[in-house]
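The residues making up each chain are set out below.
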Amino acid sequence: MEIVTELQQTLAETMVPGNLDTDRHSQPKIVVDELNLWYGETQALYDITISLPERRVSAFIGPSGCGKSTFLRVLNRMNDLIDDVRLTGRVLIDGKNIYDGSVDPVTLRRHVGMIFQKSNPFPKSIYENVAYGQRLLGKRKKAELDEIVERSLVQAALWDEVKDRLNEPALGLSGGQMQRLCIARALAVEPDILLMDEPSSALDPIATAKIEELMFELKEKYTIVIVTHNMQQAARVSDVTAFFYLGRLIEFGETRKIFTNPTKKQTEDYITGRFG
Amino acid sequence: MNKTTASDVERNTLTQPSRRLSDRLATILISVGGTGVILVVAAIFVFIAYETLPLWIPPSIEHSSSLKPSDTLGTLHVVGVDEYQLVAYGVTSRGALVAYDLRNSRMLAVELTESSDTLSAAYSDVQEGTVTWTTRSGRIKVSKIMVSRNPAQPESIRGVSFKEIGSFQVPPGIVIKKVVGKQLRDGGIGTAALSDGGEVYYFHSRTTENRITGKTVEERSESQLPVSTDEVISCVALDHVGSKVVAGTDRGALLVWNVQDPDEPTFVERTEVREGDTLSAVEFLLGDQTVIVGSVRGTVRSYTWVADTLSSIGRKLVFLNTFNSHSSRIESITISPRSKSFLTLSTDGEALLHYQTTAKTLLQVETPSRLQFAAFSPKGDGIIALSNDGVTAFRIDNPHPEVSMHILFGRVQYEGYAEPTYTWQSSGGTDDFEPKFSLMPLLFGTMKGAFYALLFALPLALFAAIYTALFAHPKIKNVVKPTVEIMAALPSVVIGFIAALWFAPVLEQSFVAITTTAVLIPLSVLPGIVLWKLLPAKLTHRLPAGSELLAIFPSLILIGYAGYLLGPWIEQVLFDGNYRQWLYEVLGVTYDQRNSIVVGFAMGFAVIPIIFTISEDALSSVPQHLTAGSLALGATRWQTAMRVILPTASPGIFSAAMIGFGRAVGETMIVLMATGNTPLMNWGPFVGMRTLSANIAVEIPEAPHLGTLYRVLFVSGLLLFLFTFVINTVAELIRQRLRQRYSTI
């Protein structure tokens, strides 16, 4: 019970009251309908139906192996790259089923960016990392690229730290900087949605705080979906929270409600640290 | 909490020493093994280098014995020595032939022939052991020394005698100032004599025995050589077969006569060799292809005959080398009977030993008093010198005069060559052959072979690696990778055998058809891919992954057949029905059956597995999260492969190419069998090559133990060793860096 009170305090500190009101009027950006997913013969996700609000942070929590990361990867079709993955149901982004035969996963991923648990800058310069996505699209003009790189780095709150060494290798940055670089890289292709798969689990508290601050700013423009193991983080940054357990969506609702007054016993047990 | 019992303590104290012992043993074993390997590699290197060392040791000369001949018979004029350097012989100013034992100065034989007359000129030819001399009264005698010895013990001399093998008479009133006499290759005796008045006489005699009647017939001829200039002839030389007489004049020209028909000698050519200088000595070098010319100013040069289509006689004399000069007039030139070495002796008694091919002066012969004459021993391993003090014998240790850095790596003008070339020709049909040890054609051939192999192997292996690592279904990868690796297990002798005996003739016969197929395959795969993409996605998705490969195989067979059918037609249309003739007529290129294309294919086949395996590993070990990162940014698989995976894996791919290159450089059997082993320097695809490694294999039967060729082969082995060592080290260093780079990602 101590943890719950602590979480409530955090929530009280971080959440702006007006936010919750606007939340109710926010349009659903992603709608998932009756999603089932199998790895070969093993079913990993069962009957997931959920709709995630636009320009809000949605957090997925749950114990390891509960399917939250798998579900995140459903949203930009990264699971396509794994053999023997099969799914049924519909995933609508802006009302369009992304698993429709006419949707090109490559184009989809340009609109649904992804940040990984382990920062993965390419072994190139800082500049080239950020410019990578635009270069893929065939953009070559130096001036335009410069502008995009600067804007993305500013958005990722990294510009001031790296503006003097854009041509140095990205692998020379610190862990937190690398992760923000990956965010800048994802922002550079101007996505609508940012998927974050435990973006700060490998970072120290200061770097984590910076990433979280960033999320606050980013959600004004982007729809963010974050998978996290860190419940304080979910409580601090997210507007809505979904709790997954054994491949099922157990509970979904406003973060405050999930953390203060969960309706399901499993949710309560998890957030109070009885298991997981 | 736990109570430590006595037995526990006991067990601890018991097990620890044994553990420590095994730990230490393992440490020692591992370090011994590791350093042992390094030591062995270093030892191999040191051994190879050691075997090449004698090539670079400067020649040395060592006084072996001297004797003081008695003056009662007159002073010695010229000397010679037998092949064991035990018997010194010569002719004295009073025309006496004498022989001494060099070990104890004992006189072994003496023969007085013209006791009343004094010598006017003399000549010694150690190769046949002959002495030629002429007296003031105009008599020319050629005598041969006969040493009879115990065959089992060459040191024990049974007896020494002189045999007169030639005797000629100069026209009355003429005094000979220079004479050359030789026992010719056909057994005849040839003598060229230069008179005080500058006339040259040629004498020849030959005794033949009728096998049936047993009667001997002696043919004799003497003639004066025709001279058509007003120059004064100052020196004269005769070759070893009795075909040419060469004379030097006071205006620095060489005159050449053909004396093959001794009754009617003909003047052949006059070549200006040195303007203004009076030539004072001339001599044929071993092999008779080159003459060494010395002048009154002490300069020494060599000239050789080269083919010349413009000349009426089909050849001309051209300048070859300049040697270290003497400070005074060159008195005599004597040649080594075994090598291209020669000795020049000047008026002031300075004697220098030169080597023609390298144009180097190897050493100076020094005697306590002024040198008058010096000659080689018959084996070329010693020098017998005549000075005011008497006769001195030297041993020279000069086993490898043919080799220098310039010979191995530079352009050298050899005897009979119009210009400096890089030539490898280690042995010839005769003993007087000049070995040509340029390693450049071999280095070139090695590079060329490796280049053509990589030209074929690198794209194939790389694209195969990219396909299997990044695009193929894991099931295909699991089949393809071990299969390609098994290719490496195929013995290279089998590949070489197939390439040389099956592929080379097939390629020669249907070169156009095979080339057509090679062009058709990529051209037709592209439309194939388009067709595949046009198939409805529902159908292709339902097919098992990798079935596009199955579709490729029949099309490849079809294309091959199409090439086979089209080939003759294309040859007819483009190359007038015979591509080889077309190549020769239009491009001036000859088609060798064993050529670079065959080698490229065969050796390419041998290096594909290693390049494929290493680059596939490099590509596969690019961390998955980089691929995911790129794909998540909306990159296609191809873009991800080209922009992220390939650059990240590039050091590994580079090291794969390097290791493949190293393998191609060191490869022996394939190049030995399929290149034709022609040491040419020509990048052309239709000619063969000879590589360093194949050269070692080819030349081993020709290389006597510790001989020059043997050591030169070790030099090439050393080069090969260094080459592969450097390449593999660089490749390995790059691989290490790559691993480091991955560890930070």
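All residue numbers here refer to positions counted from 1 along the written sequence of the relevant chain. Labels are handed out in written order, letters beginning with A for the chains and numbers beginning with 1 for the ligands. Local features in this predicted model are restricted to residues whose pLDDT is 70 or higher, and side-chain atom pairs enter the listing and the counts only when it is 80 or higher, whereas totals over whole chains, interfaces and linings include all residues. To obtain the side-chain values, all non-hydrogen atoms of the structure were included, while hydrogens and water were left out.

Visitor: Explain the confidence of the model for chain A here, please?
Guide: Low pLDDT means the predicted atomic positions in that stretch should not be read closely. All names here are of chain A. As a per-residue measure, pLDDT tells how confident the predictor is, with possible values from 0 to 100. Confidence in the prediction for chain A averages 85 pLDDT; 90% of positions are at 70 or higher. Ranking the elements of chain A by mean pLDDT puts helix α2 (residues 17–25) last with 42 and strand β8 (residues 223–227) first with 94. The contact criterion used is simple: two residues touch if any of their non-hydrogen atoms lie within 4.5 Å. Per-residue pLDDT stays below 50 along residues 1–5; that stretch engages in four contacts with residues further than four places along the chain or on separate chains. A low-confidence stretch, residues 7–25 (pLDDT under 50), is modelled with 26 contacts involving residues beyond four sequence positions or located in other chains. Secondary structure is summarised from DSSP: a helix means a run of H or I of at least four residues, a strand means a run of E of at least two, and numbering begins at the N terminus for each.

Visitor: Would you mind showing me how to read the sheet that holds strand β10 (residues 176–183) of chain B here?
Guide: What holds strands together in a sheet is hydrogen bonding between their backbones, with the strands either parallel or antiparallel. Residue and element names in this part refer to chain B. Within the open sheet, the four strands sit side by side as β10-β11-β12-β13. Their pairing is antiparallel. Every other strand in the sheet has two partners, leaving β10 and β13 (216–224) as the edge strands with one partner each. On average, each strand axis in the sheet is inclined to that of its neighbour by 10°, with strand direction left out of account. Two strands are said to pair when DSSP picks up at least two bridges between them. Pairing analysis gives seven bridges linking β10 to strand β11 (residues 189–195), with the strands arranged antiparallel. Here an angle of 0 to 180 degrees is reported between the N-to-C directions of two axes, which are lines fitted to C-alpha atoms, with helices fitted over the stretch in contact.

Visitor: Even after reading the chapter, I still don't get the interface of chain A and chain B, so can you show me in this structure?
Guide: When the parts of a complex come together, some accessible area is lost, and that lost area is often taken as the interface size. Of the residues lining the interface, 24 residues belong to chain A; the matching set on chain B comes to 21 residues. Buried surface area refers to the total accessible area, computed with a probe of radius 1.4 Å, that the two partners give up upon joining, counted for both partners together. Taken over both partners, the interface formed by chain A and chain B buries close to 1,900 Å², and the fraction arising from carbon and sulfur atoms is 64%. The three residues of chain A that bury the most area against chain B are P123(A), Y132(A) and L136(A), which together make up 28% of that side's buried surface. One side-chain nitrogen of Lys or Arg within 4 Å of one carboxyl oxygen of Asp or Glu is enough to make a salt bridge. Applying the counting criterion to the chain A and chain B interface returns zero salt bridges. Throughout this description, a polar contact denotes any pair of N or O atoms lying within 3.5 Å of each other; where both atoms belong to protein, one of them has to be capable of donating a hydrogen while the other can accept it, and for residues adjacent in sequence the pair is counted only when both atoms sit in side chains. Viewed at the interface, chain B and chain A are joined by six residue pairs in polar contact (both at pLDDT 80 or more).

Visitor: Teacher, can you tell me more about the side chain of S125(A) here?
Guide: Residue and element names in this part refer to chain A. Following the sequence through the fold, S125 ends up in the loop between β6 (112–115) and α5 (126–136). A distance of 3.1 Å separates the side chain of S125 from the backbone nitrogen of E128, its partner in a polar contact. Discounting residues that sit within four places of it in the chain, S125 has contacts with L166, N167, E168, P169 and A170.

Visitor: I'm lost on the pairing of strand β12 (residues 200–209) of chain B in this one. Help?
Guide: The side chains of a regular strand alternate between the sheet's two faces. Residues and elements named next belong to chain B. Bridging between β11 and β12 involves six bridges; their strand directions are antiparallel. Bridging from a neighbouring strand, A192 pairs with Y202 of β12. Taking the residues between adjacent antiparallel strands as the criterion, β11 and β12 are bridged by four residues, where G198 takes a positive phi near 90°. Connecting the antiparallel pair β12 and β13 is a turn made up of six residues, with G214 showing a positive phi of about 80°.

Visitor: Please explain the side chain of Q356(B) as it appears in this structure.
Guide: All names here are of chain B. Position of Q356 relative to the elements: it lies in the loop between β24 (351–355) and β25 (360–365). Note on Q356: relative accessible area 0%, which makes it buried. At 2.9 Å, the side chain of Q356 forms a polar contact with the side chain of N321. Any residue under 20% of the maximum accessible area for its type is buried, any over 50% is exposed, and the rest in between are partly exposed; the area is computed with a 1.4 Å probe on protein chains only.

Visitor: I would appreciate a short explanation of the pattern of salt bridges in the present structure.
Guide: Two side chains bearing opposite charge may form a pair once their charged atoms approach each other closely. Tallied over the entire structure, the rule returns 38 salt bridges over all chains. A salt bridge links D197(A) to R73(A); the shortest N-O distance between them is 3.9 Å. Pair noted here: D197(A) is in strand β7 (residues 193–197) and R73(A) is in helix α3 (residues 68–74), with a separation of 124 residues, a long-range link. Close ionic contact of R711(B) with E51(B) constitutes a salt bridge, the shortest N to O distance being 3.5 Å. Taken together, the positions of R711(B) in helix α15 (residues 708–744) and E51(B) in helix α1 (residues 6–52) put the pair 660 residues apart, joining distant regions of the chain. A relative accessible area of 9% means that R711(B) is categorised as buried. Members of the salt-bridge network, linked through shared partners, are K477(B), K481(B), E485(B), E616(B) and D617(B).

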